[in-house]
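# Fold and geometry: a report
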Amino acid sequence: MTCLITCCGFAATAEQVVIAALGDSLTHGYGLVQEEGFVPQLDRWLRAHGANVRIINAGASGDTTAGGAARVEWTLTPDVDGMIVALGGNDLLRGIDPAASRANLRKILEAARDANVAVLLVGMQAPGNYGAEYKQSFDDMYPDLSQEFGVLFAANFFEGLAAQGDPGAVSQFMQPDGIHPNAAGVAMIVDALGPSVLKLVDKADGEG
């Protein structure tokens, strides 16, 4: 069920930048209490780094790129200045053709362009079990689309965890399902992704 959560309890001021985080369970905060989820932790990180921002949680557990494309129009309300797009994990889990995922992401980016909303596109890295061709097609769609639409790009949502190197070390930052990060894992993801979101805030503020 789609859940839109405002991470601060007051209305946006004229100076405040509003960012919608369009994603799946990783964005929504699956398995975590609200304040430990990705959006609340990112909100706190951005504020600690001086950003006057309000993050809207537009994450829906189980969502694919198709789901994101279907709901992007009503996610982009008039008060939204920027959007984080972090989708594709469930496409991977279902083995969806990367060509279909690419087309869906293109629809999302087209909607953002039409709404004059700045975007940070966050990539995913496919495992090798679908074959080298699938992996290359999936991995390449993110940088390709970011270049095509001229949007900000972060290569890997899990960069903060990937930096650990050792898979054994990473496991301590994951929930028991091995798919979703725990609160400490989310903090590491936010630390790595935060600088890219700050660039989005600055760009959105300039376009708003």
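Above: the structure in question.
Residues numbered from 1 in each chain as written. Predicted model: local features only at pLDDT ≥ 70, side-chain atom pairs only at ≥ 80, totals over all residues. Heavy atoms only, no water.

### Quick look at the overall build of the chain
- When helices and strands are tallied, the chain shows nine helices and six strands.
- For the chain, whose C-alpha radius of gyration is 16 Å, the value lies close to the compact-globule estimate of 17 Å for 208 residues.
- With the C-alpha coordinates aligned to their principal axes, the bounding extent of the chain is approximately 50 × 35 × 30 Å.
- Put simply, of all contacts in the chain between residues at least 6 apart along the chain, 80% involve residues at least 24 apart.
- Summing over all exposed atoms, the chain offers an accessible surface of approximately 9200 Å²; the carbon and sulfur share of this is 53%.
- A gap of 3 Å separates the mean positions of the 12 positive and 25 negative side-chain charges of the chain. (Helix = DSSP H or I, 4+ residues; strand = E, 2+ residues; numbered from the N terminus. Rg over C-alpha atoms; globule rule 2.2 N^0.38 Å. Contact = heavy atoms within 4.5 Å. Areas by Shrake-Rupley, 256 points an atom, 1.4 Å probe, with all protein chains shown as cover. Lys, Arg positive; Asp, Glu negative; His and termini not counted. Charge placed at Lys NZ, Arg CZ, Asp CG, Glu CD.)

### Description of unusual backbone geometry
- Non-glycine residue asparagine 116 carries a positive phi angle of around 60 degrees.
- Among the structural elements, asparagine 116 can be located in the loop between α5 (98-114) and β5 (118-122).

### As for the packing of aromatic side chains
- On inspection of all chains with the given rule, the structure shows five aromatic pairs.
- Ring centres 4.7 Å apart and planes at 40 degrees place the aromatic pair tyrosine 130 and tyrosine 134 in the tilted group.
- Overall, the relative accessible area of 11% leaves tyrosine 134 in the buried class.
- Here the aromatic rings of tyrosine 134 and phenylalanine 138 are separated by 6.3 Å at their centres, their planes lie at 5 degrees, and the arrangement is stacked. You can see tyrosine 134 and its partner phenylalanine 138 sitting in helix α6 (residues 132-149), four residues apart, about one turn around the helix.
- Put simply, the rings of Tyr130, Tyr134, Phe138 and Tyr142 touch in pairs and so form one group of aromatic residues. (Phe/Tyr/Trp six-rings, centres within 6.5 Å; stacked < 30°, edge-to-face > 60°. Buried < 20%, exposed > 50% of the residue type's maximum accessible area, 1.4 Å probe, protein only.)

### What about the side chain of glutamine 41?
- Its place among the elements puts glutamine 41 in helix α2 (residues 38-48).
- With residues near it in sequence (within four places) discarded, glutamine 41 still touches Glu35, Glu36, Ala183, Val186, Ala187 and Val190.

### With respect to the packing of α5 against α6
- Here α5 crosses α6 at 15 degrees, and the two axes come no closer than 10 Å. The angle between α5 and α6 places the two elements in the roughly parallel class. For the pair α5 and α6, the sense of crossing is right-handed. Residue-level inspection shows Pro98, Ser101, Arg102, Leu105, Arg106, Leu109, Glu110 and Arg113 of α5 in contact with α6, the latter providing Tyr134, Ser137, Phe138, Asp140, Met141, Tyr142, Asp144, Leu145, Glu148 and Phe149.
- Class assignment of the residues belonging to the contact of α5 with α6 gives a composition of nine nonpolar, two polar and seven charged. (Axes fitted to C-alpha atoms, helices over the stretch in contact; angles between N-to-C directions. Parallel < 35°, antiparallel > 145°, perpendicular 65-115°, else oblique. Left-handed = near helix turned anticlockwise from the far one by under 90°. Nonpolar A, V, L, I, M, F, W, Y, C, P; charged D, E, K, R; others polar.)

### So, α2
- Along α2, eight of the 11 residues are buried, which leaves the element largely enclosed by surrounding structure.
- Taken as a whole, α2 has its buried residues at Phe38, Val39, Pro40, Gln41, Leu42, Asp43, Trp45 and Leu46.
- Phi turns positive, to about 90 degrees, at glycine 50, one or two residues after α2.

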